[in-house]
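Structural characterization, general
If you want the building blocks of each chain, they are given just below.
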Amino acid sequence: MTVLPTRHRTATVRGHEIAYREAGPVHAPVLLLLHGFPTSSHMFRDLIPLLADDYRLIAPDHLGFGRSATPPASDFDYTFAELAALTVEFTEALGLERFALYVQDYGSPIGLRLALAHPERVTAIISQNGNAYEEGLGAAAWAPVLALIEKRTPETEAPVRAIRSLDGIRWQYETGVPAAHLDLLSPDAWHHDAALMAREGQDEIQLSLIADYGSNFALYPAFQEYFRTSRIPLLAVWGEGDEVFVPAGAEAFRRDLPDAEIHLLPTGHFALETHAPRIAELIGDFLARRVPLRP
């Protein structure tokens, strides 16, 4: 296999610079990679080279994350509806007409909102700990977030701020990973995320997004109806030790998509940190069978 280089580029959407990683042949089928909280396209650094022979991989940093612009919350309405709309405009700026989606954490409601708006553009969904069902919400992890969603006060903000601290981010990486595999985790990952989360303005940006997460719950019935009516090919590759989005969220896809392919892996929320080769293998097999490559 020839390892194709990953290029680091930017596009301008509504006057905002959106950073993205890209690899693979320009005319190959597109796989759009949408990251979660609190990371960026950095989470796909190991996966992209493994699929770049056969696919054009594009991984943007959401506005406010990674190397993308971070306008203050006073100048931009940080909601999932706005991030999804920006993602649609980003794909249009790049001329992407059809693509499979890889969604994780925040990337799931952003990608599924895109699919609701433009179902004709989405060829398949790979969900890696990307939730669309109430039973996928880990009770303990979500308790402080649900309290903030119900009522935003200084008292409900404090525990949510801890989620994006260095210790809070490290917890997301390590929890659910078997002890024998902990040394596969690169500490660079959580230090990278924590440094970006500590930038000026991030406090209000991230609190605004977390406070808005309830708008995604309201769309769960619409997401599930989309699954039923579209019969979209779906692969769930899920870290079974994730305490944020628990395995029941993966299994729930079969309720609306009986042909969904579910794989629970012995790892946690950031499954690519320990299982990128296995996930790449599963994606390649899934897309080859369910969305065959076009000449």
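Each remark here, short or long, concerns the structure printed above.
Attention in this report is confined to the structure presented alongside it. (Residues numbered from 1 in each chain as written. Predicted model: local features only at pLDDT ≥ 70, side-chain atom pairs only at ≥ 80, totals over all residues. Heavy atoms only, no water.)

Regarding the environment of Arg113
Residue position: Arg113 is located in helix H3 (residues 107-117). A C-alpha to C-alpha distance of 29 Å links Arg113 and Thr274, two positions 161 residues apart in sequence. What Arg113 contacts, discounting residues up to four positions off in sequence, is Phe80, Ala81, Ala84, Ser215, Asn216, Leu219 and Phe223. (Helix = DSSP H or I, 4+ residues; strand = E, 2+ residues; numbered from the N terminus. Contact = heavy atoms within 4.5 Å.)

Section: empty space enclosed by the protein
Overall, the coordinates contain one cavity of 30 Å³ or more when judged by the stated rule. Volume-wise, the largest cavity comes out at about 90 Å³. Considering the residues around the largest cavity, the lining is formed by Val13, Ile18, Pro60, Asp61, His62, Leu63, Leu83, Leu86, Thr87 and Phe90. Ranked by residues supplied to the lining of the largest cavity, first place goes to helix H2 (residues 80-93) with four residues. Class assignment of the residues belonging to the lining of the largest cavity gives a composition of seven nonpolar, two polar and one charged. (1 Å grid on protein atoms, 1.4 Å probe; cavity = no way out; pocket = protein on both sides within 12 Å on 5 of 7 lines; lining within 4 Å. Points joined across faces, edges and corners; volume = space filled by probe spheres on them. Nonpolar A, V, L, I, M, F, W, Y, C, P; charged D, E, K, R; others polar.)

Looking at the pattern of salt bridges
As enumerated under the stated definition, the model contains 21 salt bridges in all. One salt bridge in this structure joins Arg121 and Glu120, with 3.6 Å as the shortest N-O distance. Residue Arg121 is classed as buried on the basis of its relative accessible area, which comes to 15%. The exposure class of Glu120 is partly exposed, given its relative accessible area of 45%. With its nearest N and O atoms 2.6 Å apart, the salt bridge here joins Arg228 to Asp256. One end of the pair, Arg228, is in helix H9 (residues 214-230); the other, Asp256, is in helix H11 (residues 253-256), and 28 residues separate them in sequence. A network of salt bridges, in which partner residues are shared, links Arg152, Glu157, Arg161, Arg164, Asp203 and Glu204. (Salt bridge = Lys/Arg side-chain N within 4 Å of Asp/Glu carboxyl O. Buried < 20%, exposed > 50% of the residue type's maximum accessible area, 1.4 Å probe, protein only.)

Some thoughts on the packing of aromatic side chains
One pass over the full model with this rule turns up 21 aromatic pairs. Residues Tyr173 and Phe270 carry aromatic rings whose centres are separated by 4.2 Å and whose planes lie at 20° to one another, so their mutual orientation is stacked. Note that Tyr173 is positioned in helix H6 (residues 166-174) and Phe270 in the loop between strand E8 (261-265) and helix H12 (272-290), a separation of 97 residues in sequence. For Phe270, a relative accessible area of 2% corresponds to the buried category. Here the aromatic rings of Trp238 and Phe253 are separated by 6.3 Å at their centres, their planes lie at 65°, and the arrangement is edge-to-face. Placement of Trp238 in strand E7 (residues 234-239) and of Phe253 in helix H11 is noted, with a sequence separation of 15 residues between them. With respect to burial, Trp238 and Phe253 carry one shared label: buried. Every member of this aromatic cluster is reached through a ring pair, and the members are Phe37, Phe65, Phe80, Tyr106, Trp142, Tyr213, Phe217, Tyr220, Phe223 and Phe245. (Phe/Tyr/Trp six-rings, centres within 6.5 Å; stacked < 30°, edge-to-face > 60°.)

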